[in-house]
Amino acid sequence: QKDGYDWFMRKEIFEQPKAVADALLGRRGLNGQLALDEMRLSDEDVRDIDKIIIIACGTSFYAGMVAKYAIEHWCRIPVEVELSSEFRYRDPILDNGTLVVAISQSGETADTLQAIRHARVQKSKVLAICNTNGSTIPRESDAVIYTHAGPEIGVASTKGFLTQLVACYLLGLYLAQVRGVKFDDEIARILDQLDGIPAAIESVLADAESVYALARDYVSTKSVLFLGRHAGYPVALEGALKLKELAYIHAEGFAAGELKHGPIALVEEGLPIFCVIPPRGRDQLHEKMISGIQEVRARGARTICLAEEDDELIKPYADTLITLPKVPVLLQPLVATVPLQLFACELATAMGHDVDMPRNLAKSVTVE
Ligand code: F6R
């Protein structure tokens, strides 16, 4: 049931506050400590981990990229992120100190399934982050964190992605807790920040109309770029993927620092560029992002900046400003992704495309 929405995707975008709340539900034990019930790894297993490899495809891969920033920062364990289809065929170095984390909304993606089978043969432990109870990937894994987003019908992943992010953050905090690398009160503080995210997403959704109006201005656009840094970089990639999938237009995401190494040659008069601006708390990142924006504006780009609500510094550099609630940089993908989903959904609708069933795509990709 679409509950009055035109598309399942739009409904699922608006379900995200609840999906994120559900993903967080019941994760704190009586003593306030983080408890992951379906996490069938012993404390000893967790302490033995010396490397994490995250494998996934598409949007789930971008969740893995965000996870790398968070888990390395919180746990000081090296994390690699790799596309499942590449991992399987390159003879990766794995042993029983390697934790392989497979992220899959459907739990049936063939590339990811083959990759975890390969990892288990090499004696690595496999943890699945999955939305679909009883699907093949969690069944074949040593441990699982379910994302509890509820069924995702739209082919393009939305609430699946945000809840994967939540599961990745929970995993990082859990590893930090068991390995004793963070104080309990620090972990509790980050969990409190996560508890504030559903309301923060609500506030982004409350402004959906202005994103829709913007999208309708772009129906004849041929190309859109997305820039981000740090945790905003995977958000840029995800924004671009949504636009390719749904609007069938050329869209590319870049790490802002890479611009001068090539992509800036693409910039011409009037090119729309979405810029995910890091929170002001991280001034170095913020300054670097602004200098990238100056470069593209000097070449005629039109910038659409997603920035914290009280970010006054960004105003002179934004042709259009989309404001985001204040959240820490590592959690910013949970709010910054939402306007990009709304934009892609509305632009595709205005172009007359079938948003729930984009051409050439399937909800679960069960062939390699
Ligand atoms: C994008 C999208 C795909 C999936 C990818 C992995 O909107 O839906 O890129 O993210 O096919 O699927 P799962 O997570 O089911 O393994």
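Here the structure is shown first, and the text comes after it.
Keep in mind it's a predicted model, so treat the numbers as computed, not measured.

Asks: Help me understand a negative patch on the surface in this model?
Replies: The grouping of Glu44, Asp48, Asp50 and Asp95 at the surface amounts to a negative patch. Note that Glu44 resides in helix H3 (residues 43-48). What makes Glu44 exposed here is its relative accessible area of 56%.

Asks: Which parts of the structure should I look at to understand the packing of aromatic side chains?
Replies: Two aromatic rings are characterised by how far apart their centres lie and by the angle between their planes. Going through the model one piece at a time under the given rule, you end up with 6 aromatic pairs. Ring plane angle 55 degrees and centroid distance 6.0 Å describe the contact between Trp74 and Tyr169, whose orientation is recorded as tilted. One end of the pair, Trp74, is in helix H4 (residues 58-75); the other, Tyr169, is in helix H8 (residues 159-179), with 95 residues separating them in the sequence. Here Trp74 and Tyr169 have matching classes, each one buried. When the ring of Phe226 is compared with that of Phe274, the centres are 4.9 Å apart and the planes differ by 5 degrees; the resulting orientation is stacked. Taken as a pair, Phe226 in strand S6 (residues 223-228) and Phe274 in strand S8 (residues 272-276) lie far apart in primary sequence, 48 residues in all. Taken individually, Phe226 and Phe274 each receive the classification buried, so the pair is uniform in this respect. Each residue in the set Tyr218, Phe226, Phe274 and Phe343 is aromatic and connected to the rest through ring pairs, giving one cluster. The residue whose ring lies beneath Arg10 is Tyr212, and the NZ or CZ to ring-centre distance is 4.9 Å. Across the ring face of Tyr248, the terminal group of Arg359 is positioned such that the distance to the ring centre comes to 3.9 Å.

Conventions adopted
- Residues numbered from 1 in each chain as written.
- Predicted model: local features only at pLDDT ≥ 70, side-chain atom pairs only at ≥ 80, totals over all residues.
- Heavy atoms only, no water.
- Patch = residues over 30% accessible without salt bridge, like charges linked within 9 Å, V, L, I, M, F, W, Y side chains within 5 Å.
- Areas by Shrake-Rupley, 256 points an atom, 1.4 Å probe, with all protein chains shown as cover.
- Salt bridge = Lys/Arg side-chain N within 4 Å of Asp/Glu carboxyl O.
- Lys, Arg positive; Asp, Glu negative; His and termini not counted.
- Charge placed at Lys NZ, Arg CZ, Asp CG, Glu CD.
- Helix = DSSP H or I, 4+ residues; strand = E, 2+ residues; numbered from the N terminus.
- Buried < 20%, exposed > 50% of the residue type's maximum accessible area, 1.4 Å probe, protein only.
- Phe/Tyr/Trp six-rings, centres within 6.5 Å; stacked < 30°, edge-to-face > 60°.
- Lys NZ or Arg CZ within 6 Å of the ring centre and 35° of its normal.

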